Amino acid sequence: MKKKNSALKVIAMFIMVLLSTSIYGQFSQLGPFMAGSADDAEKIFGAYISPYANGIGAGLSSGWYNTAKPHSTLGFDLTLTLNVAIIPTADKTFNPQSLGLGGNDIVSRVDFSGTSSPTAAGKKSAGPEAVYYTEVNGTEYELARFNLPKGSGFGYTLNPMIQAGLGIYKETEIMVRYSPELSLGDGGKVGLWGVGLKHGLKQWIPFLKRIPIFEMSIMGGYTKLYSTSDINFQPSFYEGNSNIYVVPTVNPDFYSDQEMNLDISNLTANLLISVDLPVICFYGGLGISSTNTNLQLNGNFPFPVLDPLEQYGTPMYVDDSPNSTIKNPIDITIKNSDGSVTKPRYNVGFRLKMAVITIHFDYTYANYSIATAGLGVSLR
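For clarity, every value in this text was computed on a predicted model and none was experimentally measured.

What counts and what doesn't
- Residues numbered from 1 in each chain as written.
- Predicted model: local features only at pLDDT ≥ 70, side-chain atom pairs only at ≥ 80, totals over all residues.
- Heavy atoms only, no water.
- Core = buried A, V, L, I, M, F, W, Y, C linked by side-chain atoms within 4.5 Å.
- Buried < 20%, exposed > 50% of the residue type's maximum accessible area, 1.4 Å probe, protein only.
- Helix = DSSP H or I, 4+ residues; strand = E, 2+ residues; numbered from the N terminus.
- Pairing = 2+ DSSP bridges.
- Axes fitted to C-alpha atoms, helices over the stretch in contact; angles between N-to-C directions.
- Salt bridge = Lys/Arg side-chain N within 4 Å of Asp/Glu carboxyl O.
- Phe/Tyr/Trp six-rings, centres within 6.5 Å; stacked < 30°, edge-to-face > 60°.
- Lys NZ or Arg CZ within 6 Å of the ring centre and 35° of its normal.
- Contact = heavy atoms within 4.5 Å.
- Bend = angle between axes of the 7 residues up to and from the residue.

J.: Any chance you could explain the nonpolar core here in plain terms?
T.: As a rule of thumb, nonpolar side chains are buried together in soluble globular proteins. By size, the foremost hydrophobic cluster in this structure holds 53 residues, and its most contacted members are Met34, Phe45, Tyr132, Phe146 and Leu295. It is helix H2 (residues 38-60) that provides the largest number of residues to this core, a total of eleven residues. Counting eight residues, the second-largest nonpolar core is a separate cluster that includes Tyr65, Met175, Leu272 and Tyr283.

J.: Just to check I follow, could you spell out the sheet that holds strand E6 (residues 139-147) for this structure?
T.: Two orientations exist for strands paired in a sheet by backbone hydrogen bonds: parallel and antiparallel. Pairing in this open sheet of three strands is antiparallel, and the strands run E3-E5-E6 from one edge to the other. Each of the sheet's edge strands pairs with one partner strand only, and the pair in question is strand E3 (109-112) and E6. Adjacent strand axes in the sheet meet at a mean angle of 25° when their direction is disregarded. For E3 and strand E5 (residues 129-136), the ladder comprises four bridges, and the chain directions are antiparallel. Counted as the bridge partner of Arg109 is Tyr133 from E5.

J.: Could you clarify how one ought to interpret the pattern of salt bridges in this entry?
T.: Between side chains of opposite charge, a pair can form when the charged atoms approach closely. Summed over the entire model, instances satisfying the criterion amount to eight salt bridges. Put simply, Lys198 and Glu173 hold a salt bridge, and the shortest N to O gap is 3.8 Å. Highlighted residues: Lys198 in strand E9 (residues 188-200) and Glu173 in strand E8 (residues 172-184), separated in sequence by 25 residues. Exposure class is identical for Lys198 and Glu173. Each is buried. Among the salt bridges present, the one from Lys202 reaches Glu215, with a minimum N-O distance of 3.9 Å.

J.: What's the story with the sheet that holds strand E11 (residues 244-246) in this structure? I'm lost.
T.: Across the sheet, three strands lie side by side as E11-E16-E15; this open sheet has mixed pairing. At either end of the open sheet lies a strand with only one pairing partner, and these are E11 and strand E15 (305-306).

J.: Got a minute to help me understand the packing of aromatic side chains in this structure?
T.: What characterises a pair of aromatic rings is the spacing of the ring centres plus the angle enclosed by the ring planes. Scanning all chains against the criterion turns up twelve aromatic pairs. Here the aromatic cluster, defined as three or more aromatic residues joined through ring pairs, consists of Tyr132, Phe146, Phe233, Phe237 and Tyr238. Directly above the ring of Tyr133 sits Arg109, whose terminal nitrogen or CZ lies 4.1 Å from the centroid. Above the ring of Trp64, the side-chain terminus of Arg177 is found at 3.8 Å from the ring centroid.

J.: Where do I start with unusual backbone geometry in this structure?
T.: Trans is the prevailing form of peptide bonds, just as negative phi is the prevailing case for residues other than glycine. Here Glu171, not a glycine, exhibits a phi torsion of approximately 55°, which is positive. We classify Glu171 as partly exposed; its relative accessible area is 32%. Not every positive phi belongs to a glycine, and Asn328 is a case in point at roughly 50°. Mapped onto the elements of the fold, Asn328 is located in the loop between strand E17 (325-327) and strand E18 (330-334).

J.: Can you walk me through the environment of Ser62 in this structure?
T.: Assignment of secondary structure puts Ser62 in the loop between H2 and strand E1 (76-86). In the structure, Ser62 is positioned 22 residues away from Val84 in sequence and 9.2 Å away in space, judged by C-alpha atoms. In this view, Ser62 contacts Asn83, Arg177, Arg345, Thr364, Ile370 and Thr372; residues no more than four positions away in its chain are not counted.

J.: Just to check I follow, could you spell out H2 for this structure?
T.: The periodicity of an α-helix, 3.6 residues per turn, causes residues three or four places apart in sequence to face the same way. Its maximal kink placed at Ile49, H2 deviates by approximately 50°, while the proline Pro51 follows within four residues. Most of H2 sits out of view: 20 of its 23 residues are buried.

Structure representation (structure tokens):
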């Protein structure tokens, strides 16, 4: 039992390093997005994070199979898989001027110093300066000024996972995948689970039964990744703005509950074929994949409010009272890279089997293409 736990810890550490490299290190930059309004923040959050959401979703669709042949009854495999999704160059930047920010009750307009800003997968250089304005009694005042955040410089997403398959009946195989829930920083966590099913078609097609090395099957799978990350956006962000008075906080812990919840789920279905030789197997798949991403910001967030009496000598102030606080301000769905259209995905690969040890590599061509590698143990 002790050796098993140690091995699980090593795998968990491996997963944590890969995941934190690809996305979670960027979330600490996102607090200033809240400086304008919740509506504007939703638009910027979506544009900035969507390439990683799409990449992770694409990665969740892969690694389900390394042969079209299902396990026989009580046959099984246990495989460690790494899926690497490649983020297209076009999705490494976004145009903040096209987001339609401002024009609401809080923000009258937003000016940007440029038309191109890195997404989370973009270059490690700061984005253009954003200047938010608000209008009070016909006079326009500066509300906030900051640079849009830099990217990670890492144009890939990495999805490591442990997967097991078990043959149950009539060339039908049930599959499960899992990543241990891991802690990321102070209060952050990430985990993954999934279920799938593969069924052999060759048994139902008479002329295919006579081809001993050829296999054909269908499979479907659902995978969900969930994560929580800390966000830190305090009233002190507004200090130094002559138009906003920051009222000294009464409760230092009032804004300590801020967090970002990111849930990414993927549903895929594929027609599989393979040529299974004694040592090597060549396989391929044609199918569809659909990703759904939900992003939530939970906790208390400070927003400036108008001070019609200018009791503090400024047109606006921010404090930790209910009228200057928005709780749980963001709950958005990020569309996958193809919007509402589900496009086909094409996959080819090969597997080497030495006794019960398997090694496989494959490549999936799609809008977000994926390279997959796996190492496992397979019996029957």
